[in-house]
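Commentary on secondary and tertiary structure
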Amino acid sequence: MKYSGDILTDDTYSFSGIERPVAAPLYQTSLFTFPDVDSLSEAVKDESLSHLYTRGNNPTVELVEQRIAKLEGGDQAKLFSSGVAAIASSIMSCVEQGDHIVCTKDAYSWAKYICGTYLARFGVTVTFVDATDILTVERAIQKNTKVLYLESPGTLLLRVHDLRALASLAKIHGIKTIVDNTWATPLYQNPLSFGIDLVVHSASKYLGGHSDVIGGAVIGSDQLVEKIFRTEFLPIGHVPDPFQAWLIQRGMRTMHVRLPYHYASALAVCDHLYNNEKVEEVYYPMHPKSEWYRLATSQMSGGCGLLSLKVKSTDVSRIKQAVDRLTFFRIGVSWGGYESLVFPSLVAKDGDPSVIRLHIGLEEPESLIKDLDQAFSIL
Ligand SMILES: *Cc1c(COP(=O)(O)O)cnc(C)c1O
């Protein structure tokens, strides 16, 4: 386990230079002051290197950035006010008017909105593809393609992309690759090691880990992350508040303890769901029965608590009733915290009403399994 004591002890919180507090200092300040004008002149020369104003840099935010960069094996990371801010900025930093994006159709809905709707206003076009099929991706590439946007495992059905193959394909064509790595977390998958250019995360999920903070991150080479800093982060200003960053660093301290529990519980729930006669299909790529298992285990060393399933019933009102009967699983969006959650696809516009997404939280898996059994018994 690479995420252990070392990463927690070698950032010494040495910003103050006074002591070594066991908890990270919170620099809840909007600006930094200088002893004289010359020092200020030095700081304004390059805001990416200085502590001038918290829209640029802040030590509490940097602490999180350094940890995430280290976990992902990147030169640098930038923390954003949300996952979608990190996604939008990383995509925008790679395209200009007239460029083209190839985007997986398994991407998070707002990532698709950025690629397909928002950037269309600026003359950027997009082709949505089934990125699990490398030939389809290759055929979608045009002369002006600049970005291949991926998410693996993908939203809802958790389909897996062959990240090594897609990274090499993109390199041949001079295309930047971006992967949303939120599901696997930096503990279980490091896309940069497969040749991917930029990794994005929603820190609102397992990095924060307690459903009490929103945040996002981009990780990559010095060159790419510094460009994002100059062209999107600083000018557009979707930066995290220091306290937001502080909550994320606190969550990250227990990530290596929480994730294996989510993973084991999710596998136990999947085992049970595969044997439940009311269930048609289970979607969890790290389960040996998944069609993605071989590829998934060649890229990831574990999984999180998010899975989906399809019930045999297509009776919308029955499915609603079944979801309402759940007691441990609270009804809501998002995932990654302590509480187990359920999100039925029937509430989404084009959702398959038989598909239900579950977040397996940190409660005892036996209780969650019992809860699912009693709820699905009416289907
Ligand atoms: C939640 C989520 C996002 C968006 O992150 P926010 O922090 O909510 O902006 C992006 N990608 C995935 C896979 C997510 O689950």
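Residues numbered from 1 in each chain as written. Predicted model: local features only at pLDDT ≥ 70, side-chain atom pairs only at ≥ 80, totals over all residues. Heavy atoms only, no water.

A look at the site of the ligand
- Of all residues adjacent to the ligand, which total 13 residues, the nearest are Gly-83, Asp-180, Ser-202, Ser-204 and Lys-205.
- With respect to the ligand, the backbone of Gly-215 contributes an N or O atom lying 3.4 Å from an oxygen atom.
- The separation between an oxygen atom of the ligand and a polar side-chain atom of Trp-335 is 3.4 Å.
- Contact with the protein chains covers 89% of the free accessible surface of the ligand, which is 380 Å².
- Per element, the largest residue contribution to the shell around the ligand is three residues, and it comes from helix 4 (residues 83–92).
- Broken down by class, the residue content of the shell around the ligand amounts to four nonpolar, six polar and three charged. (Near = heavy atom within 4 Å. Polar contact = N/O pair within 3.5 Å; in protein donor to acceptor, adjacent residues only side chain to side chain. Areas by Shrake-Rupley, 256 points an atom, 1.4 Å probe, with all protein chains shown as cover. Helix = DSSP H or I, 4+ residues; strand = E, 2+ residues; numbered from the N terminus. Nonpolar A, V, L, I, M, F, W, Y, C, P; charged D, E, K, R; others polar.)

Side note on the pairing of strand 7 (residues 216–220)
- Buried residues dominate strand 7, accounting for five of its five residues.
- Residue alternation in strand 7 divides its side chains into two sets, Gly-216, Val-218 and Gly-220 and Ala-217 and Ile-219, and both sets are buried.
- Of the pairings in the sheet, the one linking strand 1 (residues 76–80) to strand 7 comprises five bridges and is antiparallel in character. Looking at strand 7, one finds that Gln-76 is bridged to Gly-220.
- Taken together, the five bridges between strand 6 (residues 198–202) and strand 7 define a ladder with antiparallel strand orientation. (Buried < 20%, exposed > 50% of the residue type's maximum accessible area, 1.4 Å probe, protein only. Pairing = 2+ DSSP bridges.)

Observations regarding the domain arrangement of the protein chain
- Taken domain by domain, the protein chain comprises domain 1 (3–252) and domain 2 (255–376).
- Domain 1 and domain 2 are separated by 27 Å when their C-alpha centres are compared.
- The interface of domain 1 with domain 2 comprises 33 residues on the first partner and 34 residues on the second.
- Both sides of the domain 1 and domain 2 interface together cover about 2,800 Å² of buried area, and 65% of this is carbon and sulfur. (Domains from an automatic or database assignment. Contact = heavy atoms within 4.5 Å. Buried area = accessible area lost by both parts, 1.4 Å probe.)

Some words on the sheet that holds strand 8 (residues 279–283)
- Across the sheet, five strands lie side by side as 8-9-12-11-10; this open sheet has mixed pairing. Two strands in the sheet have a free side with no partner beyond their single neighbour: strand 8 and strand 10 (330–331).
- Here strand 10 runs beside strand 11 (residues 341–344); their pairing, made up of two bridges, is parallel. Within strand 11, the residue paired with Ile-331 across the bridge is Val-342.

Thoughts on the sheet that holds strand 6
- One open sheet holds the seven strands; their spatial order is 1-7-6-5-4-2-3, and the pairing between them is mixed. Because the sheet does not close on itself, it has two edges, and the strands there are strand 1 and strand 3 (125–129). Averaged over all neighbouring strand pairs, the angle between strand axes comes to 20°, with direction disregarded.
- Taken strand by strand, helix 4 contacts strand 1, strand 2 (100–104), strand 4 (145–151), strand 5 (176–180), strand 6 and strand 7, and its axis lies near 160° from that of strand 6. (Axes fitted to C-alpha atoms, helices over the stretch in contact; angles between N-to-C directions.)

Considerations on the side chain of His-201
- The topology assignment puts His-201 in strand 6.
- His-201 gets classed as buried once you look at its relative accessible area, which sits at 2%.
- Polar side-chain contacts of His-201 include one of 2.6 Å to the side chain of Glu-72.
- If near-sequence neighbours (up to four positions away) are discounted, His-201 is found in contact with Glu-72, Gly-83, Ala-86, Asn-181, Thr-182, Thr-185, Pro-186, Leu-207, Gly-215, Gly-216, Ala-217 and Ile-219.

A word on the pattern of salt bridges
- Counted according to the given criterion, the structure contains six salt bridges.
- Residue Glu-42 pairs with Lys-45 through a salt bridge whose shortest N-O separation is 2.9 Å. Within this pair, Glu-42 and its partner Lys-45 are both found in helix 2 (residues 37–45), separated by three residues, close to a single helical turn.
- Residue classification places Lys-45 among the exposed positions, given a relative accessible area of 63%.
- Note that Asp-352 is salt-bridged to Lys-310, the shortest N-O span being 2.5 Å. With a gap of 42 residues between them, Asp-352 in the loop between strand 11 and strand 12 (355–359) and Lys-310 in strand 9 (residues 306–311) connect regions that are remote in the sequence.
- By relative accessible area, which is 24% here, Lys-310 ends up partly exposed.
- Overlapping salt bridges bring together Asp-106, Asp-130 and Arg-159 as one network. (Salt bridge = Lys/Arg side-chain N within 4 Å of Asp/Glu carboxyl O.)

Focus: the packing of aromatic side chains
- One pass over the structure, following the stated rule, counts eight aromatic pairs.
- Relative to Phe-233, the ring of Phe-80 lies with its centre 5.0 Å away and its plane at 85°, an arrangement referred to as edge-to-face. Residue Phe-80 is located in strand 1, and its partner Phe-233 is located in helix 9 (residues 222–236); the two are separated by 153 residues in the primary sequence. Taken individually, Phe-80 and Phe-233 each receive the classification buried, so the pair is uniform in this respect. (Phe/Tyr/Trp six-rings, centres within 6.5 Å; stacked < 30°, edge-to-face > 60°.)

Structural notes on a nonpolar patch on the surface
- Where nonpolar side chains cluster on the molecular surface, the patch consists of Val-84, Tyr-108, Trp-110 and Tyr-113 and spans about 370 Å² of accessible area.
- You can see Val-84 is positioned in helix 4. (Patch = residues over 30% accessible without salt bridge, like charges linked within 9 Å, V, L, I, M, F, W, Y side chains within 5 Å.)

Regarding the pairing of strand 9
- Counting buried positions over the six residues of strand 9 gives five, a clear majority of the element.
- Bridge count between strand 8 and strand 9: four bridges; the pairing is antiparallel. By the bridge assignment for strand 9, Tyr-283 is matched with Ser-308.
- Relative to strand 12, strand 9 is paired through five bridges, and the arrangement is antiparallel.

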